[in-house]
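# Fold and geometry: a report
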Amino acid sequence: MSYSTQESQQKAILVHVEFYDFNKINSPLNAVNEFKELSLSSGASIVANVTGKLNRPNSSLFLGKGKAEEVRDLVEELCAELVIINHELSPSQERNLETFFGARVLDRTGLILDIFSTRASSHVGKLQVELAQLTHLSTRLVRGWSHLERQKGGIGLRGPGETQLETDRRLVGQRIKTIKKRLDKTHKQKEVNRYSRKKSRNKLAALVGYTNAGKTTLFNALTENSQYAADKPFATLDSVTRKNAIPELGPILFSDTVGFISNLPTQLVESFKATLDELRSADLLVHVVDIADQDFRFKMDQVTDLLSDLNLSHIPILRVNNKSDKAGIIDYRSLSKPEAGEVWVSAENSEGLEELIHSINIFLRGGLFKGWVTLEPSLGDLRSELYSSRSVIEETINNLGLIQLSIQIGGDELSELEKIEGFEVLDKEKITIKEAI
Ligand SMILES: Nc1nc2c(ncn2[C@@H]2O[C@H](COP(=O)(O)OP(=O)(O)OP(=O)(O)O)[C@@H](O)[C@H]2O)c(=O)[nH]1
Ligand SMILES: [Mg+2]
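Report on the accompanying structure. (Residues numbered from 1 in each chain as written. Chains lettered and ligands numbered in written order. Predicted model: local features only at pLDDT ≥ 70, side-chain atom pairs only at ≥ 80, totals over all residues. Heavy atoms only, no water.)

## Looking at the pairing of strand S5 (residues 203–208)
Burial of S5 is extensive: 5 of the 6 residues sit out of reach of the surface. Relative to strand S7 (residues 252–256), S5 runs parallel, the two sharing 4 bridges. Bridge pairing in S7 links Ala 206 to Ser 255. As paired elements, S5 and strand S8 (residues 284–290) share 4 bridges and run parallel to each other. Its bridge partner being in S8, Ala 205 is matched across the sheet by Leu 284. (Buried < 20%, exposed > 50% of the residue type's maximum accessible area, 1.4 Å probe, protein only. Helix = DSSP H or I, 4+ residues; strand = E, 2+ residues; numbered from the N terminus. Pairing = 2+ DSSP bridges.)

## Some words on the sheet that holds strand S14 (residues 423–431)
The strands making up a sheet associate through backbone hydrogen bonding, with each pair oriented either parallel or antiparallel. Reading across the sheet, the 4 strands line up as S12-S13-S11-S14 and stay open at both edges, with antiparallel pairing between neighbours. Only two strands of the sheet have a single partner each, and these edge strands are strand S12 (392–397) and S14. Averaged over all pairs of adjacent strands, the angle between strand axes in this sheet comes to 20°, irrespective of strand direction. With respect to the sheet, helix H14 (residues 380–388) is in contact with strand S11 (368–375), S12, strand S13 (403–410) and S14, its orientation differing from that of S12 by roughly 145°. (Axes fitted to C-alpha atoms, helices over the stretch in contact; angles between N-to-C directions. Contact = heavy atoms within 4.5 Å.)

## With respect to the pattern of salt bridges
Two side chains carrying opposite charge are able to pair once their charged atoms lie near each other. In the structure shown here, the tally under the stated rule is 13 salt bridges. For the salt bridge of Lys 323 with Asp 290, the shortest nitrogen-to-oxygen distance reads 3.3 Å. Here Asp 290 lies in strand S8 and Lys 323 lies in the loop between strand S9 (317–322) and helix H12 (324–327), a separation of 33 residues in the sequence. Both residues of the pair, Lys 323 and Asp 290, belong to the buried class. Ionic pairing is found between Arg 383 and Glu 395, a salt bridge with its closest N-O pair at 3.1 Å. In this pair, Arg 383 sits in helix H14 while Glu 395 sits in strand S12, placing the two residues 12 residues apart along the sequence. The partly exposed category is assigned to Arg 383, whose relative accessible area is 28%. Beyond isolated ion pairs, a larger network of salt bridges with shared partners links Arg 333, Glu 354 and Glu 355. (Salt bridge = Lys/Arg side-chain N within 4 Å of Asp/Glu carboxyl O.)

## Topic: the coordination of the magnesium ion (ligand 2)
Protein coordination at the magnesium ion (ligand 2) comes from Thr 216 (OG1) and Thr 236 (OG1), with a distance range of 1.9 to 2.0 Å. In this pair, Thr 216 sits in helix H8 (residues 215–223) while Thr 236 sits in the loop between H8 and strand S6 (240–243), placing the two residues 20 residues apart along the sequence. Take Thr 216: its relative accessible area is 7%, and that puts it in the buried class. Accessibility expressed as a relative area gives 13% for Thr 236, which makes it buried. (Donors = N, O, S within 2.8 Å, 3.2 Å for Na, K, Ca; no water.)

## Looking at the site of ligand 1
Not every one of the 23 residues close to ligand 1 is listed here, only the nearest: Lys 215, Thr 217, Ala 235, Thr 236 and Asp 325. The separation between an oxygen atom of ligand 1 and a polar main-chain atom of Lys 232 is 3.5 Å. Interatomic distance of 2.8 Å between a side-chain N/O atom of Asp 325 and a nitrogen atom of ligand 1. In the complex, 90% of the free accessible area of ligand 1, which totals 650 Å², lies under the protein chains. Among the elements of the structure, H8 and H12 are those that each provide at least two residues to the shell around ligand 1. Top contributing element to the shell around ligand 1 by residue count: H8, with 3 residues. The residue makeup of the shell around ligand 1, split by class, is 7 nonpolar, 9 polar and 7 charged. (Near = heavy atom within 4 Å. Polar contact = N/O pair within 3.5 Å; in protein donor to acceptor, adjacent residues only side chain to side chain. Areas by Shrake-Rupley, 256 points an atom, 1.4 Å probe, with all protein chains shown as cover. Nonpolar A, V, L, I, M, F, W, Y, C, P; charged D, E, K, R; others polar.)

## Some points on empty space enclosed by the protein
One water molecule sets the probe size; rolling that probe over the atoms shows where empty space is left. Throughout the structure, instances matching the rule amount to 4 cavities of 30 Å³ or more. In this structure, the second largest cavity spans a volume of roughly 90 Å³. Contributing to the lining of the second largest cavity are Phe 116, Val 258, Gly 259, Phe 260, Leu 264, Leu 268, Val 269, Phe 272, Leu 276, Leu 306 and Leu 310. Taken together, the residues of the lining of the second largest cavity sort by class into 10 nonpolar, 1 polar and no charged. (1 Å grid on protein atoms, 1.4 Å probe; cavity = no way out; pocket = protein on both sides within 12 Å on 5 of 7 lines; lining within 4 Å. Points joined across faces, edges and corners; volume = space filled by probe spheres on them.)

## What to know about the nonpolar core
Ranked by size, the top nonpolar core spans 40 residues in total, and within it Ile 84, Phe 116, Phe 234, Phe 260, Phe 272 and Leu 285 carry the most contacts. When residues of this core are assigned to their parent elements, the largest contribution, 5 residues, is made by helix H4 (residues 108–119). The residues that make up this core include at least three from each of domain 1 (11–164) and domain 2 (201–364). Of all hydrophobic cores here, the second largest spans 28 residues; its members include Leu 222, Val 343, Ile 357 and Ile 431. (Core = buried A, V, L, I, M, F, W, Y, C linked by side-chain atoms within 4.5 Å. Domains from an automatic or database assignment.)

Shown next, in the form of structure tokens:
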């Protein structure tokens with residue numbers, strides 16, 4: 001894995017603590033590794049890893065006295081500039097630790113926000129991250145940064161941090177208001193877009209999942225796009241929606257979006273309202289799981305919990321076990337159960353996608369049908385619509401002079417069409433994706 005090196009990488013000590021009491025049965029095996037990846041992603045140069053076990057957080061230093069002293073000694077010995085703690089700290093714990101260590105302290109929330117700030121590229125994405133960072137900062141503005149290298153920027157001080165730390169709370173409050181107003185505006189625009197989509201009868205399938213599961217790789221395979229996919233956390237920040245590139249799927253749009261992570265900072269969830277609203281309007285959620293990851297069960301549960309926190313549990317969900325190639329499962333495609341909404345794929349090799357497409361057709365369109373229909377001459381508009389939704393296979397004129405079409409279409413759409421006067425179904429049969437054209 002390679003990460004871009006910064007001009008001056010900050011020497012950082014990583015601290016990860018496990019709690020005896022708080023450990024759930026289903027906890028990640030590789031939490032330390034994920035923490036390392038996140039820290040490397042932010043451009044830190046890791047000089048030491050400290051782990052420990054605690055009964056409960058210490059109210060003033062978060063860490064136990066002994067552990068805090070161990071870290072302080074390492075800071076001195078290794079000339080570390082930054083201590084990153086893989087947990088959420090209260091503003092006072094962060095402040096106390098900074099004084100105790102004589103080095104800057106960043107908690108998990110600050111770390112994730114920092115990565116987001118380096119990844120945001122769209123206007124809305126940047127505003128969303130800025131809002132989250134300012135909300136996080138506004139509770140921490142009292143601390144004395146003067147002895148620390150705030151001028152340099154650096155991890156956790158990028159984005160608005162560099163300038164906004166100079167200002168007082170009142171200004172931060174004003175900026176938060178302005179951003180919220182701007183986001184509201186884009187939010188309204190998105191609502192208009194959603195309305196037009198509903199009117200055009202396009203269905204929306206949103207790809208969701210833990211960060212690095214392969215959502216963007218799958219999105220690219222399904223839409224023939226080339227969005228940025230990479231082996232690092234939070235490669236995607238801005239959501240994109242595109243038409244699918246598969247004729248058998250008809251009028252279905254796919255949305256690729258930001259990945260989830262355990263203990264996602266609440267500021268981020270709130271700030272990313274616009275992105276998450278995209279999910280709210282989805283007709284189907286496609287949960288992409290990295291089946292080759294030893295923590296896949298834990299990560300799946302995290303995603304399911306977050307979806308339920310976001311009140312999205314009512315949307316039908318389909319599970320895609322991705323990276324089946326990497327997991328070394330032989331003949332994984334035969335494990336797919338499209339009717340039950342679980343398929344095994346390799347997005348990277350575009351394998352198993354037929355079963356996925358079949359499953360999406362079942363869930364979103366009431367299955368796929370093929371048959372002959374006739375249209376009265378007055379239904380010219382409907383004929384064009386069928387062409388533009390890529391439903392028509394063949395066209396003839398019958399001996400009564402009526403347009404006769406061979407179509408391939410979703411069951412739900414066909415039921416709607418059957419209600420139209422002048423549209424007559426001559427024969428129809430349910431088909432699987434393998435029988436589709
Ligand atoms: N072996 C293998 N690697 C895959 C597969 N799908 C994706 N990958 C790799 O996994 C890494 C992450 O893929 P992305 O598509 O960026 O993942 P993502 O879910 O969009 O990640 P974020 O946007 O960061 O949340 C990339 O290095 C991909 O090449 C797969 O089916 N098999
Ligand atoms: Mg992505």
